[in-house]
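Report on the structure
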Amino acid sequence: MPFPHFQFACFPLITIPLIRLKRKLLLEKFDDALQDSFNQLILDKLPGARELEIDELSLVDQTEIEDRLAIDNMISKARPHFEDELFAVLERFKVILHRKQIKEDQNPLDPRSICESFHLASATLETDIKVKLIFYKLFDKFVMANLGHFYHELNEFFIQKGV
């Protein structure tokens with residue numbers, strides 16, 4: 001491409017209308033996936049526990065690797081950053097659900113669950129990987145980076161309710 005910054009500069013012009021057009025569907029898919037995470041917690045199931053069939057095994061293309069890497073990076077960056085708050089939320093879930101143990105990956109408010117829900121929802125965009133990566137960066141910047149406020153408020157709510 002003769003103007004390498006052209007595509008990045010045009011991102012808002014191309015992507016924002018697409019996101020606005022699919023906003024309702026994005027929110028529904030995100031909500032459904034997050035609700036499923038809560039259901040799995042209540043039913044005491046681990047998320048995404050399914051076995052691969054032999055015919056499902058194949059080589060993964062570069063786009064899928066970049067996509068997965070972006071999601072995994074958001075998770076690995078957020079988890080240690082909010083470790084104390086997440087621990088408190090998980091302990092309170094144990095009290096509420098009368099359980100001795102809940103695994104980190106069962107927490108529907110863990111960064112993994114939130115990012116996986118966003119990942120599933122973002123599949124509705126049906127766009128190229130460059131646009132998705134920018135969309136992921138925006139999610140990381142405006143949602144994941146601010147989870148600490150959410151976790152703090154949630155823990156305060158639980159404390160006020162005696163949990």
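Residues numbered from 1 in each chain as written. Predicted model: local features only at pLDDT ≥ 70, side-chain atom pairs only at ≥ 80, totals over all residues. Heavy atoms only, no water.

1. Digging into a nonpolar patch on the surface
On the surface, Leu138, Phe142 and Val143 cluster together to form a nonpolar patch covering roughly 250 Å² of accessible area. The residue Leu138 is located in helix α6 (residues 129–142) in this model. For Leu138, a relative accessible area of 35% corresponds to the partly exposed category. (Patch = residues over 30% accessible without salt bridge, like charges linked within 9 Å, V, L, I, M, F, W, Y side chains within 5 Å. Areas by Shrake-Rupley, 256 points an atom, 1.4 Å probe, with all protein chains shown as cover. Salt bridge = Lys/Arg side-chain N within 4 Å of Asp/Glu carboxyl O. Helix = DSSP H or I, 4+ residues; strand = E, 2+ residues; numbered from the N terminus. Buried < 20%, exposed > 50% of the residue type's maximum accessible area, 1.4 Å probe, protein only.)

2. Observations regarding the packing of aromatic side chains
Going through the model one piece at a time under the given rule, you end up with nine aromatic pairs. Geometrically, the ring pair formed by Phe118 and Phe135 is tilted, given 5.2 Å between the ring centres and 40° between the ring planes. Residue Phe118 is located in helix α5 (residues 111–122), and its partner Phe135 is located in helix α6; the two are separated by 17 residues in the primary sequence. Residues Phe118 and Phe135 agree in their burial class; the two are buried. The interplanar angle of 65° and the centroid separation of 5.9 Å between the aromatic rings of Phe118 and Tyr136 together place this pair among those described as edge-to-face. Placement of Phe118 in helix α5 and of Tyr136 in helix α6 is noted, with a sequence separation of 18 residues between them. Chaining the aromatic ring pairs together yields one cluster made of Phe30, Phe118, Phe135, Tyr136 and Phe139. (Phe/Tyr/Trp six-rings, centres within 6.5 Å; stacked < 30°, edge-to-face > 60°.)

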